[in-house]
Amino acid sequence: MKRSVLAISIALTTLAAGSGAAEAQQTRPGMGTPSPKMLTRPHLANMKSPAIEVGAAVTAYEMHWGYGGVDAARKRLSGALGVLIGGATAQRLGKTTALERALQKEEAGSWTRLADSEVMVRYDPEFDEIRLLNEELDLFQDASNDIGIERAQQAAESYLKQLAEAGAIDARLYERAALQVGYAMVGDGSFEKEVQPGRVVEYRFTFRPRLNGFEMANAGLRLGILTSGQLANLRFGGVSPRGEWKNGELQSTAKNSTKKIRVSSKDLMQRFYKSVPPGAEPQVAWSRVMYAMPEGKSRAVVEPMFIVSYTLHTEVNGQRVASRRKTLAYSLTDPEAAPLDFDAPAAKHESSEQTREYEEQAEK
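Residues numbered from 1 in each chain as written. Predicted model: local features only at pLDDT ≥ 70, side-chain atom pairs only at ≥ 80, totals over all residues. Heavy atoms only, no water.

Another aspect to go through is the overall build of the chain. When helices and strands are tallied, the chain shows 10 helices and 22 strands. Sorting the 364 residues of the chain into buried and exposed places 46% on the buried side. Taking the contacts inside the chain whose residues are at least 6 apart along the sequence as the reference set, 69% of them involve residues at least 24 apart. (Helix = DSSP H or I, 4+ residues; strand = E, 2+ residues; numbered from the N terminus. Buried < 20%, exposed > 50% of the residue type's maximum accessible area, 1.4 Å probe, protein only. Contact = heavy atoms within 4.5 Å.)

With 77 residues, the main nonpolar core has L132 and L223 as its most contacted residues. Sequence-distant contacts of L132, defined by excluding residues within four places in its chain, comprise L77, A80, L81, L84, V119, M120, V121, N233 and L234. Counting eight residues, the second largest nonpolar core, distinct from the first, contains A217, M290, A292 and I307. (Core = buried A, V, L, I, M, F, W, Y, C linked by side-chain atoms within 4.5 Å.)

Geometry of an aromatic ring pair is reported as the spacing of the ring centres plus the angle between the planes. Counted according to the given criterion, the structure contains seven aromatic pairs. Pairing Y203 with F205 gives two aromatic rings, centres 6.3 Å apart and planes at 35°, and the pair type is tilted. Each member of the pair, Y203 as well as F205, carries the same accessibility label: buried. When the centroid spacing of 5.2 Å and the interplanar angle of 65° are considered together, the rings of F272 and Y273 count as edge-to-face. For Y273, a relative accessible area of 44% gives the class partly exposed. (Phe/Tyr/Trp six-rings, centres within 6.5 Å; stacked < 30°, edge-to-face > 60°.)

All of the buried residues in helix α8 (residues 265-274) are L268, M269 and F272. Each buried residue of α8 lies within a common arc of 105° when the element is viewed along its axis, so the set occupies one face. Seen from the open side of α8, the exposed residues pointing more than 90 degrees away from its buried face are K266 and K274. For α8, the elements touching its buried residues are β17 (281-291), β19 (305-316) and β21 (326-331). (Arc of directions from axis to C-beta.)

In total, this model carries 18 salt bridges according to the counting rule given. One salt bridge connects E215 with R288, and the closest N-O pair in it is separated by 3.4 Å. A residue pair is termed long-range when its members are at least 10 positions apart, and E215 in strand β11 (residues 214-216) and R288 in strand β17 qualify at 73 residues. Ionic pairing is found between R320 and E281, a salt bridge with its closest N-O pair at 3.1 Å. With R320 in strand β20 (residues 319-322) and E281 in strand β17, this residue pair connects regions lying 39 residues apart in the sequence. (Salt bridge = Lys/Arg side-chain N within 4 Å of Asp/Glu carboxyl O.)

On to unusual backbone geometry, then. For A115, which is not a glycine, the phi torsion comes out positive at approximately 55°. Here A115 falls in the partly exposed class, since its relative accessible area comes to 37%. Of note in this structure, N247 is not a glycine but carries a positive phi near 55°. Along the chain, the position of N247 falls in the loop between β14 (243-246) and β15 (249-252).

Within the secondary structure layout, T311 lies in strand β19. Judged by relative accessible area, T311 falls into the buried class, the value being 15%. Not counting chain neighbours up to four residues away, the residues in contact with T311 comprise E281, P282, Q283, S323, R324 and R325.

To continue, consider helix α2 (residues 70-84). Given a rise of 1.5 Å per residue, 15 residues ought to cover 21 Å, and the 20 Å separating the end C-alpha atoms of α2 matches this to within 8%. Check the buried side of α2 and you find it contacts α3 (87-93), α4 (97-102), β6 (119-124), β7 (129-134), α6 (148-165) and β13 (231-241). Downstream of α2 by a residue or two, G86 has a phi angle that is positive, lying close to 65°. (Expected span 1.5 Å × (residues − 1).)

This is the structure in structure tokens:
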């Protein structure tokens, strides 16, 4: 999907060194355990998933890849910088010309070092996405002081709160956000032997906002937290939903926003399998109902859709070949609608002028 902060994978680094005490002491995730995996946030322990059945109502929202202007981006970036490194250093770096340069559209998609510090910044105005990393910590691979997944999750919640208080993110969007975790891991051993997954060196937590219980695929916050509990990197931003906040809920302002489910997820899954080309075997990575922006669109009215992420396996000259990951989205409200293919090339891309409209129109 376009610039989604949805997926986190295991990073496996090969080291030509003997395993140390840290590896022996650490409780590692089993190789049969899916990664990333969903976690329960304490205050959402009793939260129930929305009903995905024929006749149930879903809500559509107007969404856009927003550009709120340099001033709004500077405020959010400065707030995040304070959480990443804190104190006087953050204030000093927030006033550097390097930070101002990182916010300019000509620098979009490029990493910029803030003065002579260890902090790297990357800002993409087209998708309103900010990335920050402490390069010194980001390269750290010592797991000798592992606080464990539970305390790491507590640290993630604390950093989330700090980012909201600093104005980097909207606390209302993340109050009921879903949470999942992935891992950066390193393996030890000689190059003469097969290297096995070793110890966790970084917990990667992703918070994805929910609207009416359904996750947003193209927005969120990812935190890279070392096993010591230190924040090494973060990435946040993405698509923005429009509406009015009432009693902690975002009320849609889109016309005819309430729609009825007319086809079940079970029927859509069967439809997916029937669409597989002859001779191919699908391997489904995951499927769920989410809000996801159509490819090639900078603004759209979006309703929850049934999304399937998969690969196709075929046999070529006696060898099993896997396709790249594919993603399809099926309408729950229109049985006749063709699925959206997030990997197909857009027939026509929108102009940069449409993106620049957000400097005046986007609500932050």
